[in-house]
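So the chains spell out like this:
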Amino acid sequence: FDYDLVIIGAGVGGHGAALHAVEEGLKTAIIEGDVVGGTCVNRGCVPSKALLAVSGRMRELHDEHHMKSLGLQVSSTGYDRQAVADHANNLASKIRSNLTNSMKAMGVDILTGFGKIVGKQKVRYGKVGFPEKEITAKNIIIATGSVPFVPKGIEIDGKTVFTSDHALKLESVPDWIAIVGSGYIGLEFSDVYTALGSEVTFVEALDQLMPGFDPEIAKLAQRVLINTRKIDYHTGVFASKKITPAKDGKPVLIELIDAKTKEHKETLEVDAALIATGRAPFTSGLGLENINVVTQRGFIPVDERMQVTDADGNVVPNLFCIGDANGKLMLAHAASAQGISVVEQISGRDHILNHLSIPAACFTHPEISMVGLTEPQAREKADNEGFEVSVVKTSFKANTKALAENEGDGIAKMIYRPDTGEILGVHILGLHAADLIHEASNAIALGTRLQELKLAVHAHPTLSEVLDELFKAAKVNSGVSHSVNEPVAA
Amino acid sequence: IGGKPKAGRAGSDQPKPPASSSSANPPRLRYSQGGSSSGSNNNSKGAKANYLKASLLSFPPPAPPVPAMAGLLHLHSTLLPSASLLRQRGGAQAVPRRRRACRVEAKIREIFMPALSSTMTEGKIVAWNAAEGDRLAKGDPVVVVESDKADMDVETFHDGFLAAVLVPAGESAPVGSAIALLAESEEEIPLARSQAASFSSAAASPPAPQETVAQEASPAPPPPPPPAPVAVSVPAPPSPATQGGARVVASPYAKKLAKELSVDLFAVTGSGPGGRVVAKDVEAAAAAPKKAAPVAAARPDVPLGSTVPFTTMQGAVSKNMVESLAVPAFRVGYTITTDALDALYKKIKAKGVTMTALLAKATAMALVQHPVVNSSCRDGQSFTYNSSINIAVAVAIDGGLITPVLQDADKLDIYSLSRKWKELVDKARAKQLQPQEYNSGTFTLSNLGMFGVDRFDAILPPGTGAIMAVGSSQPTVVGTKDGRIGIKSQMQVNVTADHRVIYGSDLAAFLQTLSKIIEDPKDLTF
């Protein structure tokens with residue numbers, strides 16, 4: 001074999017797998033047809049966090065009430081759109097070169113071109129218009145990621161009707177933008193746009209905004225992130241019938257139809273529309289038919305070990321798929337965790353990744369984070385498997401540090417099993433939620449039980465005490481002492 | 001209303017909400033479960049806690065307070081019509097169905113925003129646990145409210161049907177204001193809904209200034225609110241955004257503002273791209289007609305030639321005054337030289353100290369030495385010696401009268417007292433005083449000096465022992481001790497006291513002490 005491991009796609013998933021493989025002594029090559037870093041670095045996490053950092057500060061500085069209550073005066077705030085866009089772009093470039101250099105330094109061969117599987121353990125790659133090269137690999141990982149999904153009927157012009165790819169370049173800040181889709185991507189963008197002065201209208205197909213979140217968190221998130229801002233919304237409607245980009249001075253027209261009856265409801269006239277209706281796997285042209293693998297809605301079917309399964313349900317040996325392409329958990333860190341899991345297996349140690357221990361975060365202001373099951377999911381599981389479920393909640397208003405920052409808006413919630421002390425899910429909305437969740441995700445990953453966590457010490461005053469409150473408020477039947485503190489300070 | 005219910009006597013003198021011809025008997029809010037007749041249980045014990053309970057029991061007032069135009073100097077009954085009641089002129093008629101002894105029934109009760117903590121002034125409704133039309137049993141959690149501390153479930157204290165939700169989830173309401181109406185039976189639900197309509201018309205506009213206007217509204221039932229007066233451009237050509245009136249294109253923020261400011265979007269001309277209505281168009285539309293309304297009207301015009309029934313608060317005042325006739329009161333006057341006090345005031349005025357605070361402090365210090373003047377006669381047979389010296393100061397606000405209380409005035413230093421006073425006045429203006437902030441006074445101060453009044457008699461509020469009426473300080477020509485003529489600033493104070501517990505000599509001695517303190521005020525500023 002030319003290589004022990006060939007990875008198709010040098011995004012976050014591929015990169016994580018590559019580095020771990022080299023550590024394990026595997027001869028590794030990675031094939032990339034576009035830019036190293038993939039979506040996350042160039043069109044996703046990295047630039048969006050740069051924009052959110054700007055929007056967070058803008059929002060704070062603009063919030064006169066907030067500033068006054070801290071005793072601060074801010075005379076005038078403004079922003080230079082190009083400079084903000086540059087910050088995001090520069091950051092993306094920097095991270096991209098860091099990634100490239102780290103792989104080069106570790107001795108990973110970076111091959112340029114689009115990869116294709118042509119047979120068992122055989123890969124061909126090449127740039128468009130150039131001759132292809134063929135290599136053999138003992139193991140192959142597909143890590144080709146995803147692209148923004150644009151429903152039929154929506155015309156993208158990249159200027160007035162666009163996806164997150166374009167939005168992150170921040171070529172303009174529209175007065176009024178419609179965001180189609182109220183998941184975390186749409187939500188983050190609403191945070192950015194409203195902080196920079198736009199007004200936002202959400203168009204959501206389901207009846208609830210933020211459908212993926214725990215319902216209680218979604219309710220509070222709506223109060224904090226939507227109701228107080230210049231945002232309104234339409235739920236239970238599709239925008240996909242027709243969206244016409246702005247032409248000849250006319251605004252972008254979005255026809256809304258009722259999701260159930262398909263009747264025309266309204267036509268929005270806005271300055272721009274961001275399509276944030278999810279991401280579709282980028283798996284065409286991979287040559288999967290050569291090995292009898294059939295995608296499901298574009299996703300490559302895998303088992304719990306990330307091994308690809310073919311059309312007959314059999315595992316295809318030595319072929320894995322990680323990250324957005326398999327659709328299990330479309331998050332950057334999930335992709336790299338899956339990649340590491342695969343390399344573990346290739347190196348002879350069986351490994352099954354526990355996806356319930358992988359946290360997720362939404363970087364609005366305040367942030368939202370979660371790990372594990374939502375309350376309805378937990379209760380359903382409990383009903384099916386016959387165990388009890390308990391929930392404890394605490395408010396950030398009870399946390400000294402949050403109050404010192406005047407950021408008492410927030411809630412943390414934990415769903416757990418009172419009989420064993422196992423944590424089933426933790427959901428946080430509040431300042432630095434994305435950082436705080438890791439205590440919980442670590443506990444779930446390591447199987448740490450609440451009885452032990454109750455005795456762990458948290459520095460005071462820190463936001464982590466929010467989790468401390470949850471742990472201490474949990475009532476576990478088996479074992480040690482019970483703490484009967486009420487989670488919400490009166 | 002209330003005060004001394006005569007236990008055991010059914011019918012006649014039982015406290016009734018002020019009967020006014022056309023305005024409805026305000027629904028009685030009962031925050032806690034009542035006994036048979038309002039307050040009869042409580043009076044017998046005489047303890048202060050029970051007074052609070054009595055007040056909560058008796059009346060329409062929202063238990064924790066707010067639109068507390070307190071029954072004035074009536075300290076132990078909180079006759080505080082809620083803001084909503086003030087607006088609710090001419091709402092539903094309450095027809096008692098079955099007359100239970102001693103109570104006037106109102107079929108529609110209000111559920112009001114509770115104070116979930118002592119610092120809470122308004123609460124946001126997180127969610128309604130019941131929908132309009134649902135049947136509720138006592139103790140059912142009806143609504144989840146967010147306070148400054150946490151989210152709490154609020155229970156209903158009565159069985160009934162949730163007839164109308166006045167404040168939807170996601171919005172806020174001041175503590176004490178009505179957030180929903182509870183009908184006792186299903187038949188009353190439509191009645192409640194019509195009441196709700198009159199709430200919402202006033203609810204849209206900012207409460208404080210509108211209150212005064214609403215208060216003096218005509219007795220006739222308010223007509224269904226017309227779409228808020230807008231029309232910035234009178235002959236409004238259909239703005240391009242409306243496409244011939246079929247719909248209006250308005251930005252999200254414009255829509256929000258229109259809702260808050262009660263502006264009809266269809267009547268606003270849009271200045272945004274494509275004729276879109278944007279926020280500033282809505283603001284302009286809202287500002288124009290509103291400016292016409294005299295917001296600063298502290299004393300709204302009196303409708304001459306008409307008979308205007310008392311509001312609940314005015315009724316309470318009247319009732320209290322009538323009741324005070326039963327108390328054997330006498331008066332003692334004194335002239336006090338205020339030069340030293342005036343000089344002191346000039347010196348420390350910059351630190352936020354007010355004359356009211358100085359007078360309250362001086363009075364409190366004098367009361368320390370004459371505790372009997374701080375006592376009262378609650379039951380006609382004994383002295384109730386109060387353990388704290390709480391000076392209630394009568395303040396005229398918004399056409400009404402209220403007595404915020406400076407608690408433990410002898411123990412606080414003058415600067416804290418002034419700060420506290422400022423807080424109380426602000427709260428009073430915003431109608432957010434809590435019961436113990438207006439009904440815990442043990443001695444009352446009433447000052448009409450700002451009008452130039454030199455001397456007057458105040459009426460003793462039932463339940464207290466004495467009230468001091470303070471006149472203005474005037475430069476007066478006096479004969480001095482050494483036989484010369486000089487000019488001194490002098491004010492006349494006049495104390496009305498209950499002769500069952502305070503005798504002439506007590507009062508005279510108190511006034512002598514007070515005048516010594518005021519004339520040599522160095523101790524006021526420790």
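Everything numeric in this text was worked out from a predicted model, so none of it was measured.

## Brief notes about the overall build of chain A
Here is step 1 of the chain: Within chain A, the secondary structure is distributed over 14 helices and 23 strands.
Here is step 2 of the chain: Sequence separation of at least 24 residues holds for 62% of the intrachain contacts in chain A that already meet a minimum separation of 6.

## Looking at the environment of T156 of chain B
Residues and elements named next belong to chain B.
Here is step 1 of the chain: With respect to the helices and strands, T156 occurs in the loop between β5 (151-155) and β6 (160-165).
Here is step 2 of the chain: For T156, a relative accessible area of 4% puts it in the buried group.
Here is step 3 of the chain: The spacing of T156 and K138 is 18 residues in sequence and 5.5 Å in space, taken between C-alpha atoms.
Here is step 4 of the chain: Look past the residues within four positions of T156 in its chain and what remains in contact with it is L136, A137, K138, G139, D140, V142 and L182.

## Concerning the side chain of T144 of chain A
Residues and elements named next belong to chain A.
Here is step 1 of the chain: Among the secondary structure elements, T144 is positioned in the loop between β6 (133-142) and β7 (146-148).
Here is step 2 of the chain: A distance of 2.8 Å separates a polar side-chain atom of T144 from the backbone oxygen of F282.
Here is step 3 of the chain: If sequence neighbours within four positions are ignored, T144 has contacts with I8, F282, T283, L286 and A325.

## Concerning the packing of helix α10 (residues 355-369) of chain B against helix α13 (residues 504-519) of chain B
Residues and elements named next belong to chain B.
Here is step 1 of the chain: Relative to each other, α10 and α13 sit at 135°, their axes nearing to 9 Å. Looking at the two axes, α10 sits oblique to α13. Crossing of α10 against α13: the hand is right-handed. Across from L359, A362, T363, M365, A366, L367 and Q369 in α10, the residues of α13 making contact are F510, T513, L514, I517 and I518.

## A closer look at a nonpolar patch on the surface
Here is step 1 of the chain: A cluster of nonpolar side chains, contributed by F114, V128, V147 and F282 of chain A, occupies part of the molecular surface with about 370 Å² of accessible area.
Here is step 2 of the chain: When you line up the elements, F282 of chain A lands in the loop between β16 (279-281) and β17 (307-309).

## Considerations on the UniProt feature "domain: Peripheral subunit-binding (PSBD)" (unreviewed entry) in chain B
Here is step 1 of the chain: Taking the UniProt record as the reference, the feature "domain: Peripheral subunit-binding (PSBD)" (unreviewed entry) is found at residues 249-286 of chain B.
Here is step 2 of the chain: The span residues 249-286 of chain B is 47% helical and 0% strand by assignment, and the distance between its end C-alpha atoms comes to 18 Å.

## Re the packing of aromatic side chains
Here is step 1 of the chain: Tallying each qualifying case throughout the model produces three aromatic pairs over all chains.
Here is step 2 of the chain: Aromatic side chains F383 of chain B and Y385 of chain B sit 5.5 Å apart centroid to centroid with 0° between the ring planes, which places their arrangement in the stacked category.
Here is step 3 of the chain: Looking at F383 of chain B, the relative accessible area reads 38%, which means it is partly exposed.
Here is step 4 of the chain: Of note, K27 of chain A hangs over the ring of Y3 of chain A, and the distance from its end group to the ring centre comes to 4.7 Å.
Here is step 5 of the chain: The ring of F387 of chain A carries R417 of chain A above its face, with NZ or CZ at 3.9 Å from the centroid.

## Notes on the pattern of salt bridges
Residues and elements named next belong to chain A.
Here is step 1 of the chain: All chains considered together, the criterion is met by 31 salt bridges over all chains.
Here is step 2 of the chain: Close ionic contact of R417 with D419 constitutes a salt bridge, the shortest N to O distance being 2.9 Å.
Here is step 3 of the chain: A salt bridge links R449 to E452, with the shortest nitrogen-to-oxygen separation between them at 3.8 Å.

## Some points on unusual backbone geometry
Apart from glycine, the bulk of residues carry a negative phi angle, and the bulk of peptide bonds sit in the trans form.
All names here are of chain A.
Here is step 1 of the chain: Omega for the peptide link from H365 to P366 comes to 0°, which places this bond in the cis form.
Here is step 2 of the chain: Residue position: P366 is located in the loop between β19 (360-362) and β20 (367-372).
Here is step 3 of the chain: Here the phi dihedral of N406 falls at roughly 60°; this positive angle occurs in a residue that is not glycine.
Here is step 4 of the chain: Inspection of the secondary structure puts N406 in the loop between α11 (400-404) and β22 (411-416).
Here is step 5 of the chain: Residue N406 is classed as partly exposed on the basis of its relative accessible area, which comes to 36%.
Here is step 6 of the chain: With phi around 60°, H432 is a residue other than glycine that occupies positive phi space.
Here is step 7 of the chain: Tracing the backbone through its elements, the reader meets H432 in the loop between β23 (423-430) and α12 (433-446).

## Some thoughts on the UniProt feature "binding site: FAD" (unreviewed entry) in chain A
Residues and elements named next belong to chain A.
Here is step 1 of the chain: This chain's UniProt record puts "binding site: FAD" (unreviewed entry) on K49, G115, T144, G145, S146, D324, M330, L331, A332 and H333.
Here is step 2 of the chain: Its location among the elements puts G145 in the loop between β6 and β7.
Here is step 3 of the chain: The exposure class of G145 is buried, given its relative accessible area of 17%.
Here is step 4 of the chain: Once you skip the residues sitting within four places of it in the chain, G145 turns out to touch P281, F282, D324 and A325.
Here is step 5 of the chain: Aside from chain neighbours lying at most four places away, what touches S146 is T39, R279, A280, P281, F282, D324 and M330.

Rules and cut-offs
Residues numbered from 1 in each chain as written. Chains lettered and ligands numbered in written order. Predicted model: local features only at pLDDT ≥ 70, side-chain atom pairs only at ≥ 80, totals over all residues. Heavy atoms only, no water. Helix = DSSP H or I, 4+ residues; strand = E, 2+ residues; numbered from the N terminus. Contact = heavy atoms within 4.5 Å. Buried < 20%, exposed > 50% of the residue type's maximum accessible area, 1.4 Å probe, protein only. Polar contact = N/O pair within 3.5 Å; in protein donor to acceptor, adjacent residues only side chain to side chain. Axes fitted to C-alpha atoms, helices over the stretch in contact; angles between N-to-C directions. Parallel < 35°, antiparallel > 145°, perpendicular 65-115°, else oblique. Left-handed = near helix turned anticlockwise from the far one by under 90°. Patch = residues over 30% accessible without salt bridge, like charges linked within 9 Å, V, L, I, M, F, W, Y side chains within 5 Å. Areas by Shrake-Rupley, 256 points an atom, 1.4 Å probe, with all protein chains shown as cover. Salt bridge = Lys/Arg side-chain N within 4 Å of Asp/Glu carboxyl O. UniProt positions renumbered as here; feature names shortened; annotations may be inferred. Phe/Tyr/Trp six-rings, centres within 6.5 Å; stacked < 30°, edge-to-face > 60°. Lys NZ or Arg CZ within 6 Å of the ring centre and 35° of its normal.

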